[in-house]
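# Structural characterization, general
Listed here are the chains, written in short residue letters.
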Amino acid sequence: LRQIHLFKAVVSTQSTGEDKHDTVVSIPLTSSTEFRNIIKKCAISAGFNVVDLIPETIAAMVCHDGSVVPANGHTVVVRVGGSSMSVTLARVLSGMYSVVDHLEEKIGGNLFDKSIGKFLCDDFNRKNRCKVEDNQRSISKVLRASKAAKHNLSTMNTAECNIESLFDGMDLISNLSRPRFETLIQNDLNRIKDSIQKVISKHDNISITRVVLTGGTCKVPKVQSIIGQLFPNSTILNSSPDEIIAMGAASHAALIGKFPSLSSKTESEADGTVAIPLTPSDIEVRVGDTVTQVVAKNTPLPFKKEMDLPEGNVIVIEAGGKCIAKAEVPGSDDKSKVSLHLEILEDCSIEAIIKDSFTNERTSVHIPAPSGA
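This text gives an overview of the structure that appears in the document. (Residues numbered from 1 in each chain as written. Predicted model: local features only at pLDDT ≥ 70, side-chain atom pairs only at ≥ 80, totals over all residues. Heavy atoms only, no water.)

Once that is clear, we can look at the overall build of the protein chain. Along its length, the protein chain carries nine helices and 17 strands. In the protein chain, once contacts between residues fewer than 6 apart in sequence are set aside, the share between residues at least 24 apart is 59%. With the model as given, the accessible surface of the protein chain reaches about 20800 Å², and the carbon-plus-sulfur share is 49%. (Helix = DSSP H or I, 4+ residues; strand = E, 2+ residues; numbered from the N terminus. Contact = heavy atoms within 4.5 Å. Areas by Shrake-Rupley, 256 points an atom, 1.4 Å probe, with all protein chains shown as cover.)

The structure is reproduced here in structure tokens:
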């Protein structure tokens, strides 16, 4: 019931006048089927038309990639929220995201609040010779002031912590500098660092091309700094970490809106995943002694690619090192430019067109799907 009220509150802020709102909902990566169904039912009950559910880590990557097919490689998504964090290693191949490793920890910005709060309480006790920890209401006031100071220090060099009548009518008045703040949270930063290292240490052979930061706690400059130190050769994407998941879900919704028939071509499994056909092996083109990889193994289908070919009259298409097709093209002169257009369909059959742009001659090759594909 709480989730339904939450979704209805979102609906009440809309001014489109529509009865239904096409929506993509972001959910934790490890969400169970039961949790997914509950969230979807709540959104529908509140008046949303749920077109898809997307994991938060994937939404973060989609936000940066937009409608452009991302470059192949590996991405680490670090999410540090208010009370939890997660580290996800994902592989990007031909526009498809696949999770390689994932870790969740009970570490978040609330630890920073407690570290600041301890400092403020100790300072107040020392100045006033009291023990503010004995009053639970006073502790609540300190934690609220600590959270406000943390947010301010994300963008400013100093933060004022002022609390009226904190304990026995005495006020707390204190200034906290960013260097002092970073010293206070050093142990918490080490815990975040250790959690990230747990994941990347298991994959030393993988080159990380980029790191995406999500969660409000990633706005803290020192958090960004220690993550940057862990990935010195990677691109750190840290813009709007507290909004990136929502923007990624919106980008995903816009993409689905451009291709309304997409959902009818994919069938979800019980856990919400979608079965996507992949290439069973590498596809290479051999011209003379030159071998060029056209498609990597496990590339999502369908797939299209155009490429220029080196000089040569015999063109061999190989799959997993074995010849699956051979074509001979007429002799070419210096003015000729031979290109290959390759299309692999969802059933793994291949359509290839070899074209000489100077003579405009074409050679078509059809390769049927392998048995068992």
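Helix α7 (residues 186-200) packs onto helix α4 (residues 109-128) with a crossing angle of 160° between their chain directions and a minimal axis gap of 9 Å. By the angle between their axes, α4 is roughly antiparallel relative to α7. At the point where α4 passes α7, the crossing takes the right-handed sense. The residues of α7 that touch α4, namely those facing Leu111, Phe112 and Ser115, are Asp188, Leu189, Arg191 and Ile192. A breakdown of the residues in the contact of α4 with α7 according to their chemical character gives four nonpolar, one polar and two charged. (Axes fitted to C-alpha atoms, helices over the stretch in contact; angles between N-to-C directions. Parallel < 35°, antiparallel > 145°, perpendicular 65-115°, else oblique. Left-handed = near helix turned anticlockwise from the far one by under 90°. Nonpolar A, V, L, I, M, F, W, Y, C, P; charged D, E, K, R; others polar.)

Here we take up the packing of α4 against helix α5 (residues 136-153). Interhelical geometry of α4 versus α5 gives an angle of 115° and a closest axis separation of 8 Å. By crossing handedness, the relation of α4 to α5 is classed as right-handed. Contacts between α4 and α5 involve Gly109, Phe112, Asp113, Lys114, Ile116, Gly117, Leu120 and Cys121 from the first element and Ile139, Val142, Leu143, Ser146, Lys147 and Lys150 from the second.

Turning to α4, a few remarks are in order. Its 20 residues place the ends of α4 29 Å apart at the C-alpha level, agreeing with the 28 Å of an ideal helix rising 1.5 Å per residue. For α4, every residue scored as buried is listed here: Gly109, Leu111, Phe112, Asp113, Ser115, Ile116, Gly117, Leu120, Cys121, Asp123, Phe124 and Asn125. Lining the buried residues of α4 we find α5, β6 (158-167), β7 (170-177), α6 (178-184), α7 and α8 (221-230). Arg129, located one to two residues past α4, shows a positive phi value of around 50°. (Expected span 1.5 Å × (residues − 1). Buried < 20%, exposed > 50% of the residue type's maximum accessible area, 1.4 Å probe, protein only.)

Our focus in this paragraph is the sheet that holds strand β10 (residues 283-287). Pairing is antiparallel across the open sheet formed by four strands, whose spatial order is β11-β10-β13-β14. Looking at which strands have only one partner, the edges of the open sheet turn out to be β11 (290-295) and β14 (322-328). Averaged over all pairs of adjacent strands, the angle between strand axes in this sheet comes to 25°, irrespective of strand direction. Note: β10 against β11, five bridges, orientation antiparallel. Looking at β11, one finds that Val287 is bridged to Thr290. (Pairing = 2+ DSSP bridges.)

Let us look at the environment of Ser281. Mapped onto the secondary structure, Ser281 falls in the loop between α9 (244-258) and β10. Taking relative accessible area as the criterion, Ser281 reaches 19% and is therefore assigned buried. Along the chain, Ser281 and Gly320 lie 39 residues apart, while their C-alpha atoms are 5.3 Å from each other. When sequence neighbours within four positions are dropped, the list of residues in contact with Ser281 reads Val295, Ala296, Lys297, Ala319 and Gly320.

Before going further, it helps to spend a moment on the environment of Pro232. Mapped onto the elements of the fold, Pro232 is located in the loop between α8 and β9 (235-237). The exposure class assigned to Pro232 is exposed, which follows from its relative accessible area of 63%. Considering only alpha carbons, one finds Pro232 and Ile208, 24 residues apart in sequence, at a separation of 9.9 Å.

If you walk through the whole model with that rule in mind, you get 10 salt bridges. Arg79 is the salt-bridge partner of Glu56, the closest N and O atoms lying 4.0 Å from each other. Highlighted residues: Glu56 in helix α3 (residues 56-65) and Arg79 in strand β3 (residues 73-80), separated in sequence by 23 residues. Since its relative accessible area comes to 21%, Glu56 is described here as partly exposed. Exposure remark for Arg79: the relative accessible area of 17% places this residue in the buried category. Glu105 is the partner of Lys198 in a salt bridge, and the nearest nitrogen-oxygen pair spans 3.0 Å. Of this pair, Lys198 sits in helix α7 while Glu105 sits in strand β5 (residues 96-105); the two residues are 93 residues apart in sequence, bridging distant segments of the chain. (Salt bridge = Lys/Arg side-chain N within 4 Å of Asp/Glu carboxyl O.)

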